[in-house]
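For reference, the chains in residue letters:
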Amino acid sequence: MKRFLYTLCIAIVSSWGLLSCLSDSDTTEYTVYDDTAITQMQILSINRYIHTTTTAGKDTTYKKTITSSSNTLPGFTIDQEKKTIYNTDSLPYDADLSRVVILLTGSTYTGQIYVKSLANDDLFPYSSSDSIDFNSPREIRAYNNNLTKYRAYTVSVNKHQVVTNAIIWEKMPNAEFPEDVIKTRWEQIASDAGMGSFIGYGSGEGYAYDADGKLMVSRDGGTTWNPDNVIEDGLLLPRRTFSFTSYPQVTNDSTDYQLLVGTVSEKDSICTVWRKIAEYSERSIPSKWVNIPMEYYNNYALPVFPNLHLVNLHGNILAFGSTKSIYNTRDGGITWKVSDKFKYPKDYTYPSNMEVLVDYDDYLWLKDNDQNIIWRGQLIDD
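All values derive from a computational prediction rather than experimental measurement. (Residues numbered from 1 in each chain as written. Predicted model: local features only at pLDDT ≥ 70, side-chain atom pairs only at ≥ 80, totals over all residues. Heavy atoms only, no water.)

## Overview of helix α2 (residues 181-192)
Along its 12 residues, α2 runs 17 Å from first to last C-alpha, staying within 8% of the 16 Å computed at 1.5 Å per residue. G194, located one to two residues past α2, shows a positive phi value of around 85 degrees. (Helix = DSSP H or I, 4+ residues; strand = E, 2+ residues; numbered from the N terminus. Expected span 1.5 Å × (residues − 1).)

This is how it looks when you write it as structure tokens:
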């Protein structure tokens with residue numbers, strides 16, 4: 001407080017002296033403006049303490065500094081009537097709010113900006129090079145030019161209260177496991193049509209293998225089935241074990257991106273991967289299935305494991321199964337990697353018989369048929 005009073009006294013005395021000197025030789029009238037405001041706030045830098053797992057399976061934490069140049073930090077809303085400043089898009093759960101460097105911009109008539117102490121009524125001059133503790137909301141004052149009036153803002157920096165950039169799991173009652181009604185209907189239609197096994201469905205097509213193992217497509221809801229277009233050797237299509245997923249492409253209207261992965265023989269150690277860009281607009285040319293080559297020396301090929309399930313979770317294509325890792329592809333099926341962002345529940349037992357699906361609210365569901373346990377997961381992004 002002493003520091004602020006000293007600064008205030010110096011500023012007032014200086015302004016009086018300056019006006020006195022000028023009055024002898026200058027008839028200009030000077031006005032000290034009381035209209036003060038903070039017009040902009042942004043975070044310049046903040047630290048994150050990110051938890052990860054080493055290749056040896058040990059937990060570790062590392063610090064990552066996020067700066068304004070990354071374009072990943074949230075913007076701030078300034079309510080001049082309520083005198084509040086806050087971010088509506090929360091920072092990640094692991095953000096360190098104790099040392100936040102911010103940039104404040106005042107109005108044309110604003111003098112010095114001060115930050116009130118959390119412990120008492122002391123005020124400290126704001127500096128864009130000093131960090132501020134925002135674990136609690138802070139009072140920040142914008143003073144006028146002669147430091148006689150101010151506008152006080154309550155400034156809050158918000159972050160997620162649960163772990164972000166990860167799947168948050170909870171156990172659910174057995175009766176809560178949702179049914180994919182559309183898939184069930186397609187399976188019945190394919191069976192009634194004499195298909196050998198149903199593969200999956202997209203926005204406008206359904207797929208199945210016929211009794212001879214030929215890839216068939218229906219474009220009229222299952223009324224008729226015809227051989228689908230396959231580029232290269234159709235013998236490489238996964239028939240022994242397989243899984244399928246389809247999702248609309250954001251960039252192209254009436255278009256699905258589809259993946260079909262699995263094994264051709266019991267000797268396979270990596271999955272074969274096929275993709276199809278299915279277009280449904282009026283003048284579209286019929287699409288074809290294309291094989292994505294998977295070489296055995298590829299460190300990021302999708303390995304073979306039992307109970308293979310593909311799902312689309314928030315635009316992330318994930319491969320589940322009776323394995324301790326969840327695999328994710330970010331390039332349409334070319335490479336598959338394990339990420340700390342996607343993990344099974346902590347006490348999950350990796351059953352030999354499981355079901356996986358994503359419901360219409362983007363919840364991820366796991367059903368452990370060995371122990372009859374159901375999990376529901378929600379992906380919390382940064």
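## Brief notes about the side chain of D210
Checked against the element boundaries, D210 lands in the loop between β13 (206-209) and β14 (215-218). Here the side chain of D210 touches K214 through a polar contact of 2.8 Å, landing on its backbone nitrogen. The contact partners of D210, leaving out residues within four places of it in the chain, are M195, G196 and M216. (Polar contact = N/O pair within 3.5 Å; in protein donor to acceptor, adjacent residues only side chain to side chain. Contact = heavy atoms within 4.5 Å.)

## Section: a nonpolar patch on the surface
Together, Y93, V162, V163 and I168 line one region of the surface with nonpolar side chains, adding up to about 310 Å² of accessible area. Within the secondary structure layout, V162 lies in the loop between β10 (150-155) and β11 (166-172). Judged by relative accessible area, which is 43%, V162 ranks as partly exposed. (Patch = residues over 30% accessible without salt bridge, like charges linked within 9 Å, V, L, I, M, F, W, Y side chains within 5 Å. Areas by Shrake-Rupley, 256 points an atom, 1.4 Å probe, with all protein chains shown as cover. Salt bridge = Lys/Arg side-chain N within 4 Å of Asp/Glu carboxyl O. Buried < 20%, exposed > 50% of the residue type's maximum accessible area, 1.4 Å probe, protein only.)

## Here's the deal with the side chain of N87
Among the secondary structure elements, N87 is positioned in the loop between β4 (84-86) and β5 (95-106). Within the structure, N87 has its side chain in polar contact with the backbone oxygen of D89 (distance 3.0 Å). At a separation of 2.7 Å, a polar atom in the side chain of N87 contacts the main-chain amide nitrogen of N158. In this structure N87 touches P74, G75, F76, S156, V157 and N158, once residues within four positions along its chain are discounted.

## Structural notes on the packing of aromatic side chains
Evaluation of the coordinates by the stated rule reveals 15 aromatic pairs. The interplanar angle of 80 degrees and the centroid separation of 5.9 Å between the aromatic rings of W186 and W225 together place this pair among those described as edge-to-face. One end of the pair, W186, is in helix α2; the other, W225, is in the loop between β14 and β15 (226-227), with 39 residues separating them in the sequence. Side by side, W186 and W225 carry an identical accessibility label, which is buried. Between Y207 and W289, the aromatic rings sit 5.5 Å apart at their centres with planes inclined by 80 degrees, giving edge-to-face as the arrangement. Here W289 lies in the loop between β18 (272-279) and β19 (290-292) and Y207 lies in strand β13, a separation of 82 residues in the sequence. We note that Y207, like W289, is buried. (Phe/Tyr/Trp six-rings, centres within 6.5 Å; stacked < 30°, edge-to-face > 60°.)

## Examining the sheet that holds β19
Hydrogen bonds between backbone atoms are what pair the strands of a sheet, whose relative direction is either parallel or antiparallel. The strand order across the open sheet built from four strands is β16-β17-β18-β19, with neighbouring strands paired in antiparallel fashion. Of all the strands in the sheet, the pair left with one neighbour each is β16 (241-248) and β19. Strand-to-strand twist across the sheet, computed as the mean angle between neighbouring axes with direction ignored, equals 25 degrees. (Pairing = 2+ DSSP bridges. Axes fitted to C-alpha atoms, helices over the stretch in contact; angles between N-to-C directions.)

## Section: the sheet that holds strand β12 (residues 197-201)
Spatial strand order, β12-β13-β14-β15: four strands in an open sheet with antiparallel pairing. Strand pairing shows two members of the sheet lacking a second neighbour, β12 and β15, which therefore form its edges. The pairing of β14 with β15 spans two bridges and is classified as antiparallel. Pairing of V217 across the sheet is with N226, part of β15.

## A look at the environment of T335
Relative to the helices and strands, T335 resides in the loop between β22 (327-329) and β23 (337-338). For the pair T335 and L302, spaced 33 residues apart in sequence, the C-alpha to C-alpha distance is 7.4 Å. Discounting residues that sit within four places of it in the chain, T335 has contacts with Y300, N328, T329 and R330. Here D331 takes part through its side chain, which lies 2.6 Å from a polar atom of the side chain of T335.

## With respect to the pairing of β14
With burial as the criterion, each face of β14 is covered, one bearing L215 and V217 and the other bearing M216 and S218. Taken together, the four bridges between β13 and β14 define a ladder with antiparallel strand orientation. Bridge pairing in β14 links Y209 to L215. Hairpin remark: β13 followed by β14, antiparallel, with five residues in the connecting loop; positive phi at G213, about 85 degrees.

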